Amino acid sequence: MDMKRICTFALAGALLLGGCSAPAAQLGTETGGDTPSGGQELREISVVLDWYPNALHAFLYDAIEKGYFAEEGLDVTIQFPSNANDAMSLVAAGQAEIGLYYQQDVIIARANQDVPIKSIGAVVQGPLNIILSLKEKDITSPEDLVGKTIGYAGTELSEALIHSIMAYVGADSSDVTLIDVGFDLMSSMTTGNVDATIGCLVNHEVPQMEEEGFEVNWFDLDDYGVPTYYEGVFLASDEMIENEPEVLKGFLRACAKGFDDMQADPDGVLQILLNNQNEENFPLSQTVEQQSMATLLPMMETAEAPFLSQTAECWQENVDWLLSEGLIQEAPALGQLYVDLLDQ
């Protein structure tokens, strides 16, 4: 199941600070950096992940193990969320310095509740969320969804995404039947309860289902009217951005070094991740994570977009789309949503 994406969709509006609980009561762990030989005191930084450690986070563990954060004067602790929205709520409350979360949720949180957070860097330059189905269903575009059932997490954002892609092909969301399957996205397909799902990720559920012996089809939402969006962004509070921008710049520089290693030696960096996995609660499959990393690398940095870069166009397109779908009532200024620290 893709608990991460389910809980992400559940954050629209009033669910921001309530979140949905992870299946384990506490998923937290800590991984500290080394102290430089000079012995100077390091600035402690807590980074709250969007979910359990997986290939997407490998560059962070690499940067810790190889001392890149320590070189920037930082002692970085990785924290798993107890609630899926901890990356936003803990950062906003000053209980963590940095969070990893999702662009559209940042816009909704800022527009609807003025949560005092901004993005400081985009980790994935495009969406990972897909419409996924078993190959035998022969669903490869929104037109193929007419008359079909779609499993989803019962949230407004999922409904808006379906509405958008159906409208793009001249159909209507009433032409499909949405079924709230809760956390059971994958099993709802494999048992035949639904024809397709929204909320699974191309880098995770696709290789996982294939490893389990299922043949699948999928298509991307941003091919059909949904704007391209950043699947993951690093968040910091307005206060930290104002008062400690150099600390955040050092964090981003060290992350970039970790990502360089991920590009140059994906297997070596993946092994560092596997050594730090949450094996008790979320054991990782090496083959699934290898495929995930192969999918992620060209999406984390493209020819047009360096790792961690952001554009005003991408933010504005998503603000406009959320307005058009009624998920926000007013458009926040772009300066309330993101900041480009490395160009300052």
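To be clear, the structure that these remarks concern was listed above.
Numbering of residues starts from 1 in every chain and runs along the sequence as written. Reporting in this predicted model follows two pLDDT cut-offs: at least 70 for local features of residues, and 80 or more for side-chain atom pairs to be given and counted; totals over whole chains, interfaces and linings ignore these cut-offs and use all residues. Values shown for side chains rest on all heavy atoms present in the structure; no hydrogens or waters enter the calculation.

A. Representation of the overall build of the protein within the structure. Looking only at helices and strands, the protein has 13 helices and ten strands in total. Relative accessibility under 20% of the residue-type maximum defines a buried residue, over 50% an exposed one, and the middle range a partly exposed one, all with a 1.4 Å probe and only protein chains included. Of all 344 residues assigned to the protein, the portion counted as buried reaches 57%. Within the protein, contacts between residues separated by at least 24 positions form 81% of all contacts whose residues are at least 6 apart in sequence. Only DSSP runs of H or I with at least four residues qualify as helices, and only runs of E with at least two residues qualify as strands; both kinds are numbered from the N terminus onward. Contact between two residues is taken to exist if any of their heavy atoms lie within 4.5 Å; hydrogens are not considered.

B. Representation of the sheet that holds strand β6 (residues 149–152) in the model. Read from one edge to the other, the open sheet built from five strands follows the order β7-β6-β8-β5-β9, with strand pairing classed as mixed. The sheet terminates laterally at β7 (177–180) and β9 (216–220), the two strands that pair on one side only. Averaged over all pairs of adjacent strands, the angle between their axes in this sheet comes to 35 degrees, without regard to strand direction. Strands qualify as paired when DSSP identifies two bridges or more between them. Inspection of the sheet shows strand β5 (residues 129–134) paired to strand β8 (residues 196–201) by four bridges, in the antiparallel sense. Residue pairing in the sheet places Asn 129 in a bridge with Leu 201 of β8. To obtain an axis, a line is fitted to C-alpha atoms, over the contacting stretch when the element is a helix, and the angle between two such axes runs from 0 to 180 degrees between their N-to-C directions.

C. Examining the nonpolar core more closely. In these notes, a set of buried Ala, Val, Leu, Ile, Met, Phe, Trp, Tyr and Cys residues joined through side-chain atoms within 4.5 Å is what counts as a nonpolar core. In terms of nonpolar packing, the biggest core is built from 67 residues, with Phe 59, Phe 69, Val 123, Phe 234, Phe 251 and Met 300 touching the most fellow members. Broken down by element, the residue count for this core peaks at eight residues, all from helix α10 (residues 245–264). Each residue touching Phe 251, except ones within four places of it in the same chain, is listed here: Val 47, Leu 60, Phe 69, Leu 74, Val 76, Ile 98 and Phe 234. Core analysis: the next-biggest nonpolar cluster, separate from the first, contains 46 residues, Tyr 152, Ile 165, Ala 196 and Trp 315 among them.

D. Representation of the packing of aromatic side chains in the model. Aromatic pairs are defined between Phe, Tyr and Trp rings, using the six-membered ring for Trp, whenever the two ring centres lie within 6.5 Å; interplanar angles under 30 degrees are classed as stacked, those over 60 as edge-to-face, and all others as tilted. Evaluation of the coordinates by the stated rule reveals 13 aromatic pairs. Seen from their ring centres, Phe 59 and Phe 307 are 5.2 Å apart, and the 80 degrees between their planes marks the pair as edge-to-face. Of the two residues, Phe 59 is situated in helix α2 (residues 58–65) and Phe 307 in the loop between α12 (286–300) and α13 (312–324); the sequence distance between them amounts to 248 residues. Each member of the pair, Phe 59 together with Phe 307, is buried. Between the aromatic rings of Phe 259 and Phe 307, the centroid separation amounts to 4.2 Å while the plane-to-plane angle is 15 degrees, which identifies the pairing as stacked. In this pair, Phe 259 sits in helix α10 while Phe 307 sits in the loop between α12 and α13, placing the two residues 48 residues apart along the sequence.

E. Main features of the pattern of salt bridges. A pair is scored as a salt bridge if a Lys or Arg side-chain nitrogen falls within 4 Å of a carboxyl oxygen belonging to Asp or Glu. Following the criterion strictly, the structure yields eleven salt bridges and no others. In this structure, Arg 253 and Glu 72 form a salt bridge, with 3.0 Å as the shortest nitrogen-oxygen distance. Of this pair, Arg 253 sits in helix α10 while Glu 72 sits in the loop between α3 (68–71) and β2 (74–79), and the two are 181 residues apart along the sequence. Given the relative accessible area of 24%, Glu 72 is considered partly exposed. Between Arg 110 and Asp 114 there is a salt bridge, with its nearest N and O atoms 3.4 Å apart. Under the relative-accessibility criterion, Arg 110 is labelled buried at 9%. Asp 114 gets classed as partly exposed once you look at its relative accessible area, which sits at 47%.

F. Representation of unusual backbone geometry. Of note in the backbone geometry, Asp 138 takes a positive phi value of approximately 60 degrees without being a glycine. If you trace the backbone, Asp 138 turns up in the loop between β5 and β6. One non-glycine residue with positive phi stands out, namely Leu 308, at about 80 degrees. Counting through the fold element by element, Leu 308 comes out in the loop between α12 and α13.

G. Fine view of α2. The buried fraction of α2 is high, at seven of eight residues. Those residues of α2 that sit buried are Ala 58, Phe 59, Leu 60, Tyr 61, Asp 62, Ala 63 and Ile 64. Just downstream of α2, Gly 67 is the residue with a positive phi angle, here 80 degrees.

H. Main features of the packing of helix α11 (residues 266–275) against α12. Axis separation between α11 and α12 bottoms out at 11 Å; the angle between their running directions is 125 degrees. Between α11 and α12, the angle falls in the class oblique. Once α11 is placed against α12, the crossing between them reads as right-handed. Contacts between α11 and α12 involve Pro 266, Asp 267, Leu 270, Leu 273 and Leu 274 from the first element and Gln 286, Glu 289, Gln 290, Met 293 and Leu 297 from the second. Three classes are used: nonpolar for Ala, Val, Leu, Ile, Met, Phe, Trp, Tyr, Cys and Pro, charged for Asp, Glu, Lys and Arg, and polar for all others, with Gly counted as polar. Tallied by class, residues from the contact of α11 with α12 come to six nonpolar, two polar and two charged. Throughout this description, any angle smaller than 35 degrees is read as roughly parallel, any larger than 145 degrees as roughly antiparallel, any in the 65 to 115 degree range as roughly perpendicular, and the remainder as oblique. Note on convention: the crossing is left-handed when the near helix lies turned anticlockwise from the far helix by less than a right angle, right-handed when the turn is clockwise.

I. Local environment of the environment of Thr 197. Within the secondary structure, Thr 197 is located in strand β8. A relative accessible area of 0% places Thr 197 in the buried class. Sequence-wise, Thr 197 and Ile 131 are 66 residues apart; in three dimensions their C-alpha atoms are separated by 5.6 Å. Not counting residues up to four positions away in its chain, the partners in contact with Thr 197 are Ile 130, Ile 131, Leu 132, Ile 150, Gly 151, Leu 185, Ser 188 and Met 189.

J. Molecular detail of the pairing of β7. Relative to β7, β6 runs parallel, the two sharing four bridges. From the neighbouring strand, Tyr 152 faces β7, where its bridge partner is Asp 180. Following the backbone out of β6, through helix α6 (residues 156–168) and into the adjacent parallel β7, one traces a crossover that is right-handed. We call a crossover right-handed when, viewed with the strands running away from us, the connection from the first strand over the helix to the second turns clockwise.

As far as function goes, none of this settles anything; it's purely spatial.
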